[in-house]
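Okay, here's what each chain looks like letter by letter:
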Amino acid sequence: QVQLVESGGGLVQAGGSLRLSCAASGRTFSFYAMGWFRQAPGPGKEREFVAAISGSGGSTYYGDSVKGRFTISRDNAKNTVYLQMNSLKPEDTAVYYCAAAMTIGTLHLGPWGQGTQVTVSS
């Protein structure tokens, strides 16, 4: 099973940018669709889809709340997927998780990394 380690989170002011990285173990990284999800603080908050990318990188998908602001990309030679986040808003504050799956449609099933905290101050 692929192992995932996220990094790049932190504290940023509204309007700022961050780039998250997710490093994956294994030799078959390019076989996996990759995705980013997030979970905001507070009771009852569910994990929300952010972005996904196909194994080749040729297809990308975004949640409505991040379209036009976030960009997902991958480097199969480095076994890494990225999430470039621009024009950040306080409502983007969440723990961001990386996921891997054989298909885009099953990314929500995991496996997940440990998550990286993103905090956007107003």
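Along every chain, residues carry numbers that run from 1 in the direction the sequence is written. The model is predicted, so local features are restricted to residues of pLDDT at least 70 and side-chain atom pairs to those at 80 or more, both for listing and for counting; the totals for chains, interfaces and linings are taken over all residues. Working from all heavy atoms in the structure, the side-chain values ignore hydrogens and water.

The criterion for strand pairing is that DSSP finds at least two bridges linking the strands in question. Where helices and strands are cited, they refer to DSSP runs of H or I of at least four residues and of E of at least two residues respectively, numbered from the N terminus. Read across the open sheet, the six strands follow the order β2-β10-β9-β4-β5-β6; overall the sheet is mixed. Strand pairing shows two members of the sheet lacking a second neighbour, β2 (10–13) and β6 (60–62), which therefore form its edges. Neighbour to neighbour, the strand axes of the sheet diverge by 25 degrees on average, direction disregarded. The pairing of β2 with strand β10 (residues 116–121) spans four bridges and is parallel. Residue pairing across strands places Q13 opposite S121, the latter belonging to β10. Simply put, an axis is a line fit to the C-alpha atoms, just over the touching stretch for a helix, and the angle between two N-to-C directions goes from 0 to 180 degrees.

For this analysis, a salt bridge means a side-chain nitrogen from Lys or Arg found within 4 Å of a carboxyl oxygen belonging to Asp or Glu. This model, assessed by the stated rule, comprises four salt bridges. With a closest N to O distance of 3.2 Å, K67 and D64 form a salt bridge. For D64, a relative accessible area of 66% gives the class exposed. Classification of residues uses two cut-offs on accessible area relative to the type maximum, computed with a 1.4 Å probe and protein chains only: under 20% is buried, over 50% is exposed, and between them is partly exposed.

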